Amino acid sequence: MRDRRLLLVHAHPDDETIVTGATMARYAAEGVHVTLVTCTLGEEGEIIPPELAHLAGDREGGLGEYRVTELRRACAALGVRDQRFLGGRGRYRDSGMMGAPSNDDPACFWRADVEAAAHELAMVIREVRPDVIVTYDDNGGYGHPDHIQAHRVTVRAFARAAERTLPGTPWQTRKLYAVAHPRTLLSASVARMQADPGPFTAPESIEDIAPGTPDELVTTRIDASDHWAAKATAMRAHATQITVAGERFALSNDIAQEISAVEYFTLLRGPAPRRGPDGYETDLFD
């Protein structure tokens, strides 16, 4: 029987852990071949620890290179052995937040030619031959240009990998998913953080974390509770970007969020999901 294969496309180091870390750890522990494709080095990330402030900038040995090391440690914690950078390490630069001057850098991912980047990803898909691909929705989760671009590139590559016009053997991945944040559950989490934010700042609304996904669009719930500790360890590995305190974490905005090992997805392409009594399918490979 052929091994199951999962490929995830994320914009920057740390994205993989924050929104899909528990899912990755669960499937890796089950013997699934998990491949992570990271699109940038995250050079524009805001550095949290004052003692690492010297990493800011593009010089050799700066933040991007440091985050490569953080990513390596996070993948080890999650049990992921196949991590790659789209087009090769450093091919695409972090674009920064929407509207930042860094969006205009011709080397940034936001400015990349979608067809060219999709070709690079399609060749990875043909090599790995995944059953399932995971990326972001068309808003990139919260509007970050690199997340939006990752969605565009992945959707195009999903189709291109099956085309006979590319060199090599075509591959049709069975299912394509986007990371989801059900609004109802996000609202409940925000209420808990407002009641007890720990050492962080309480969120005022879900918009402080993410716009959220309309509940009716969420198709899939992956319970990886047994791998909560692996996710938390991987989050600590991304120390330039994430502060972990008990069951909570915060990014550079210091707003409290819960570390959850139950992660949600929306099916974008593939056969209709086999939903259970709670309305969700419970396995990306079903």
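Residues numbered from 1 in each chain as written. Predicted model: local features only at pLDDT ≥ 70, side-chain atom pairs only at ≥ 80, totals over all residues. Heavy atoms only, no water.

## Digging into the nonpolar core
We count it as follows: What we call a nonpolar core is a set of buried Ala, Val, Leu, Ile, Met, Phe, Trp, Tyr and Cys residues that are connected through their side-chain atoms within 4.5 Å. In this scheme, a residue with accessible area under 20% of its type's maximum is buried, one over 50% is exposed, and one in between is partly exposed, where area comes from a 1.4 Å probe on protein chains only. Each helix is a run of H or I in the DSSP string that is no shorter than four residues. Each strand is a run of E no shorter than two, and both are numbered from the N terminus. By definition in these notes, contact holds between two residues if any of their heavy atoms fall within 4.5 Å.
Ranked by size, the top nonpolar core spans 36 residues in total, and within it L6, Y27, V34, V134 and L284 carry the most contacts. Contributing elements (two or more residues each) for this core: strand 1 (5-10), helix 1 (15-29), strand 2 (33-38), helix 2 (63-78), strand 4 (132-135), strand 5 (175-180), helix 6 (228-237) and strand 10 (262-269). It is helix 1 that provides the largest number of residues to this core, a total of 6 residues. Apart from residues lying up to four places away in sequence, L6 is in contact with Y27, V32, H33, V34, T35, P130, V132, V134, L284 and F285. The next biggest cluster of nonpolar side chains, apart from the first, holds 27 residues, and it includes A118, L121, Y136 and A150.

## A look at the sheet that holds strand 8 (residues 248-250)
Which entries qualify depends on this criterion: Note: two strands are recorded as paired if DSSP finds a minimum of 2 bridges between them.
An order of 7-8-9 is seen for the 3 strands of this open sheet, with the pairing classed as antiparallel. Of all the strands in the sheet, just strand 7 (243-245) and strand 9 (257-258) have a single pairing partner and so form its edges. In terms of strand pairing, strand 7 meets strand 8 through 3 bridges, oriented antiparallel. Its bridge partner being in strand 8, T243 is matched across the sheet by A250.

## Topic: helix 4 (residues 145-160)
Our working rule: Multiplying 1.5 Å by the residue count of a helix minus one yields the expected span of that helix.
Look at helix 4: 22 Å from first C-alpha to last across 16 residues, which is about the 22 Å you get at 1.5 Å a residue. The buried fraction of helix 4 is high, at 13 of 16 residues.

## A word on the side chain of E281
For the record, the criterion: Whenever a nitrogen or oxygen atom comes within 3.5 Å of another N or O atom, the pair is scored as a polar contact, on the condition that within protein one atom can donate a hydrogen and the other can accept it, and that pairs from neighbouring residues in sequence are kept only if both atoms are in side chains.
Considering the arrangement of structural elements, one finds E281 in the segment after strand 10. Within polar-contact distance, the side chain of E281 engages the side chain of Y177 at 2.4 Å. Look past the residues within four positions of E281 in its chain and what remains in contact with it is K175, Y177, T219, T220, R221, P273, R274, R275, G276 and D286.

## Quick look at the UniProt feature "binding site: Zn(2+)" (unreviewed entry) in the protein
What counts is decided by this rule: UniProt positions are given in the numbering used here, feature names are shortened, and annotations may be inferred rather than shown by experiment. The pocket and cavity definitions rest on a 1 Å grid over protein atoms only: a 1.4 Å probe that fits but cannot leave marks a cavity, an open set with protein on both sides within 12 Å along at least five of seven lines marks a pocket, and residues lining either have an atom within 4 Å of a point.
Residues annotated in UniProt with the feature "binding site: Zn(2+)" (unreviewed entry) correspond here to H12, D15 and H147. For this annotated set, covering 136 residues, all C-alpha atoms fall within 9.5 Å of each other, a compact arrangement in space. Considering only the residues just annotated, the largest pocket is lined by H12, D15 and H147. Summarising the element assignment, D15 is placed in helix 1. Contacts of D15, omitting those with residues within four sequence positions, involve H10, T20, Y136 and H147. Locating H147 in the fold gives a position in helix 4.

## A few points about the pattern of salt bridges
We apply this condition: The term salt bridge refers to a pairing of a side-chain nitrogen on Lys or Arg with a carboxyl oxygen on Asp or Glu at a separation within 4 Å.
Summed over the entire model, instances satisfying the criterion amount to 19 salt bridges. Across the salt bridge formed by E44 and R93, the nearest N and O atoms sit 2.8 Å from each other. Linking E44 in the loop between strand 2 and helix 2 with R93 in the loop between strand 3 (82-85) and helix 3 (114-128), this pair joins segments that are 49 residues apart in sequence. Using a relative accessible area of 11% as the deciding quantity, one classes R93 as buried. Of the charged contacts, one joins K231 and E263 as a salt bridge, the two residues approaching to 2.8 Å between their closest N and O atoms. Linking K231 in helix 6 with E263 in strand 10, this pair joins segments that are 32 residues apart in sequence. For the residue pair K231 and E263, the accessibility class agrees, reading buried in each case. Overlapping salt bridges bring together R4, R26, E30 and D283 as one network.

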